[in-house]
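The residues making up each chain are set out below.
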Amino acid sequence: MAGESATLRLPAFFKISSLSRMRRREAIAGYLWISPWIIGFLVFVLGPMLMSAFLSFNNYTIVDRKWIGIANYVRAFTGDDLFWLSLSKTLIYAGIMVPSSLIISLTCALLLNQGLRLTAIYRTLFFLPSLTPAVAMALLWVWFFQPQFGPLNYLLGLVGIPGPSWLGDARWAMVALVIMALWGTAGGATMVIFLAGLQGIPEELYDAAKIDGANRWQKFAFVTIPALSPTIFFNLVLGIIGALKVFTPAYIATDGGPAYATWFYVLHLYYNGFRYFEMGYASALAWIFFAVVLIFTYIQFRWAGRWVYYEGELRE
Amino acid sequence: MKTDVQPLPAAVRVRKSASTLTRYWGERGLLHLLALMLTFVFVLPAFWTLSSSLKHPSNIFVFPPTWWPTQPQWQNYVLIWQLSSFGVWTRNSVIVGLFGVLGQSLSACAVAYGFARFRFPGRDLLFLACLSTLILPSEVTIIPQFLLFNELKWLDTLLPLIVPYFLGGSAFFIFLMRQFFLTIPHELDDAAKIDGAGSVRIFFNLLLPLSKPAVVTVAIFSFIHHWSDFFSPLIFLNSKENFTLALGLRYFQQAPVTRGQPKEHLLMAASVTVTIPLIVLFFVTQRYFVRGIVMSGIKG
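Keep in mind that this is a model prediction, so the values were computed, not measured.

**Considerations on the overall build of chain B**
Here comes step 1: On a plain count of helices and strands, chain B comes out with 14 helices and 0 strands.
Here comes step 2: Ordered by position from N to C terminus, the α and β elements of chain B give α-α-α-α-α-α-α-α-α-α-α-α-α-α.
Here comes step 3: Scaling as 2.2 N^0.38, a compact globule of 300 residues should have a C-alpha radius of gyration of about 19 Å, whereas chain B reaches 24 Å, well beyond that.
Here comes step 4: C-alpha extents for chain B along the principal axes are approximately 75 × 75 × 35 Å.
Here comes step 5: Counting over 300 residues, chain B shows a buried share of 42%.
Here comes step 6: Taking the contacts inside chain B whose residues are at least 6 apart along the sequence as the reference set, 77% of them involve residues at least 24 apart.

**A short note on the domain arrangement of chain B**
Here comes step 1: Its domain assignment divides chain B into domain 1 (21-78) and domain 2 (84-255).
Here comes step 2: Between the C-alpha centres of domain 1 of chain B and domain 2 of chain B there is a distance of 37 Å.

**Some details on the confidence of the model for chain B**
Residue and element names in this part refer to chain B.
Here comes step 1: Considering every residue of chain B, the mean pLDDT works out to 87; 91% of them sit at 70 or more.
Here comes step 2: Note on residues 1-5: pLDDT under 50 across the span, and 7 contacts to partners over four residues away in sequence or across chains.
Here comes step 3: Across residues 10-14 the pLDDT falls below 50, and counting only partners more than four positions away or on other chains, this stretch makes 10 contacts in the model.

**Digging into the environment of Ser165 of chain A**
Residue and element names in this part refer to chain A.
Here comes step 1: Here Ser165 lies in the loop between helix 7 (151-158) and helix 8 (173-185).
Here comes step 2: Sequence-wise, Ser165 and Tyr270 are 105 residues apart; in three dimensions their C-alpha atoms are separated by 27 Å.
Here comes step 3: Every residue in contact with Ser165, bar those within four places of it in the chain, is listed here: Pro147 and Trp172.

**Considering the domain arrangement of chain A**
Here comes step 1: Partitioning chain A into domains gives domain 1 (2-55) and domain 2 (81-307).
Here comes step 2: The straight-line distance from the C-alpha centre of domain 1 of chain A to that of domain 2 of chain A is 40 Å.

**A short note on the packing of helix 2 (residues 21-55) of chain A against helix 5 (residues 139-151) of chain B**
Here comes step 1: The geometry of helix 2 of chain A relative to helix 5 of chain B is characterised by a closest axis approach of 8 Å and an angle of 90° between their N-to-C directions. The pairing of helix 2 of chain A with helix 5 of chain B is recorded here as roughly perpendicular in orientation. Residues Phe44, Val45, Gly47, Pro48, Met49, Met51, Ser52 and Leu55 of chain A of helix 2 of chain A form the contact with helix 5 of chain B, whose own contacting residues are Val140, Thr141, Ile143, Pro144 and Gln145 of chain B.
Here comes step 2: Considering only residue class, the contact of helix 2 of chain A with helix 5 of chain B consists of 9 nonpolar, 4 polar and no charged.

**A word on the packing of helix 6 (residues 134-144) of chain A against helix 12 (residues 245-254) of chain B**
Here comes step 1: Closest axis-to-axis distance for the helix 6 of chain A/helix 12 of chain B pair is 8 Å, and the angle between their directions is 25°. In terms of orientation, helix 6 of chain A lies roughly parallel with respect to helix 12 of chain B. Between helix 6 of chain A and helix 12 of chain B, the contacting residues are Val135, Ala136 and Leu139 of chain A on the first element and Ala246, Leu249, Arg250 and Gln253 of chain B on the second.
Here comes step 2: The residue inventory of the contact of helix 6 of chain A with helix 12 of chain B, partitioned by class, reads 5 nonpolar, 1 polar and 1 charged.

**Describing the environment of Ala189 of chain A**
Here comes step 1: Residue position: Ala189 of chain A is located in helix 9 (residues 189-199).
Here comes step 2: By the C-beta count within 10 Å, which is 20 here, Ala189 of chain A ends up buried.
Here comes step 3: Note: C-alpha distance between Ala189 of chain A and Ser130 of chain A (59 residues apart in sequence) is 8.0 Å.
Here comes step 4: With near-sequence residues (within four places) excluded, Ala189 of chain A lies in contact with Ser130 of chain A together with Ile293 of chain B.

**Remarks on unusual backbone geometry**
Here comes step 1: With an omega dihedral of -10°, the bond running from Gly257 of chain A to Pro258 of chain A counts as a cis peptide bond.
Here comes step 2: In this structure, Pro258 of chain A sits in the loop between helix 12 (248-253) and helix 13 (265-275).
Here comes step 3: Of the consecutive residues Phe63 of chain B and Pro64 of chain B, the connecting peptide bond is found in the cis state with omega at -5°.
Here comes step 4: The backbone of Ala259 of chain A sits at a positive phi, close to 55°, despite the residue not being glycine.
Here comes step 5: Position of Ala259 of chain A relative to the elements: it lies in the loop between helix 12 and helix 13.

What counts, and at which threshold
Residue numbers restart at each chain and count upward from 1, following the sequence in its written direction. By the order in which they are written, chains take letters starting at A while ligands take numbers starting at 1. A pLDDT threshold of at least 70 governs which residues receive local features in this predicted model, and a stricter bar of 80 or more applies before side-chain atom pairs are shown or counted, although totals over entire chains, interfaces and linings include all residues. The secondary structure listing takes helices from DSSP runs of H or I that are at least 4 residues long and strands from runs of E that are at least 2 residues long, numbered from the N terminus. Radius of gyration: C-alpha atoms only; globule rule: 2.2 Å multiplied by the number of residues to the exponent 0.38. Counting other C-beta atoms within 10 Å of a residue's own tells you its class, since 20 or more makes it buried, 12 or fewer makes it exposed, and anything in between is partly exposed; those C-beta atoms are placed from the backbone. In this description, a residue-residue contact is defined by the distance between C-beta atoms placed from the backbone, which must lie within 7 Å. Domains are outlined according to an automatic or database domain assignment. On a range of 0 to 100, pLDDT expresses the predictor's confidence in each residue. Here, axes are lines fitted to C-alpha atoms. For helices the fit covers the stretch in contact, and angles between N-to-C directions go from 0 to 180 degrees. Oblique is the label for any angle not under 35 degrees, not over 145, and not in the 65 to 115 range, which are roughly parallel, roughly antiparallel and roughly perpendicular in turn. Following the grouping adopted for this structure description, the nonpolar residues are Ala, Val, Leu, Ile, Met, Phe, Trp, Tyr, Cys and Pro, the charged ones are Asp, Glu, Lys and Arg, and the polar ones are all others, Gly among them.

As structure tokens, then:
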């Protein structure tokens, strides 16, 4: 097998020729089993990533391609008003959506963890809306928010509040989309994960707190929340990524309007790439988006050490 | 990794720490009130959708709104199949759903088996690469994928929605299956090996049957994804005959099918129809549902 090792110029960790015969067979079988993923990764992830990075330095419209250096990035940061607008709209949306969804989901989970009668029914009813496909959800809320004949403004009218035009009003469209998204996510996976987290808190912690004379609020603030912090962290990371990627509700319900009030980042990217076919520019937008997602995720992981408590973790 | 993935019990913990019985029942009452209010908020939009889907067009734009039509128009659910290509879209969604689930589950299991049971150089690095695709937004790869499928002449066919899923599909499902395989004792494999079984037999006859709960979980979530996905069909499909239900619903929203008459009742009937399979799936497989979501949370 000496000839093989001479021709295989792979990094040390890929060198399988130095392994014993049995280990070599095992390694080859392992590569074969993961080969679907390797092919898929190369063809549908890594290849496209490199391609999109390359395209982001080109003016590319499918029929025509020209290298323009960093001009697409310059254009995004200095020449495209809608870029900053869409970025800020997206951040505002995430800023409202993520905390409210965490609070509502946690409230629902705490409620379902009280051993109330009918808990199974409550849990199912909280959960079912999250199964609605995004398009169906957007359509039903467009009709629910309908200003003249929809039920929401009618109910508001009953208690003397004149309802706004919701999706048709630039000041309220964002709020309406948040309400819509909360309905579809608050009782779903986030809540179920919180519930599982709550049920994983050892009863002894509460007993100990009780012996120390903790009241209910203190138990919540000093036992439940710290013990739940890994779960909160998990939901926070996923929630922020999900909120930054918001697309379908705005596409269906508002088309980014009115007056660009809900012109989210991915919508901006979609319009540039697949409506105006400015695929080079859209690729640059995609990479900036990736950077934003990475920055947010990185900040959260850095910040996590300060407040996320893992049982069994050694601390200085 | 916790191996405890039992379905959640409905009522978990009753702590009767309140000092007096009155206070206890007062609290319970308040909690029920809160639960009922939340239930109302979650149920009302769904109820309104259902009731609208049964309304006569003359009953749509009325004030005050009718909460439940006196004569439910069940034929709305027939009309949507006649006024649009609902049948074709359903067929397409079923094809995408079934093949997508098959491809995604099969490849996730095979790849997870490779990562869980074999030692090979670079394994941990490759697994890390696999996991890191979890935070990669699909927006970064969608444009080159579009160009690739354009070259392959796959645009406006269902292939882009199916084929990639046979090739690994989703890092999350690979992770989930790997974690599950790791909980199965290695000695079982060794025993089978001594009996002369190769890795293919161990995979199909030993590990997969033992992993049925995890495989079912992956299949369910894979189906929900394929059934609900809007973004990929929007990018890859052009003509009406090739739409999936999610995309068809959008088309139906914009198409002038009722000649200026209201069509909210039809849109709502269509939305309900698209959602029903998922609700049925939920009730049939409820315990796998909770288990799957909980397993996803445990890695946090």
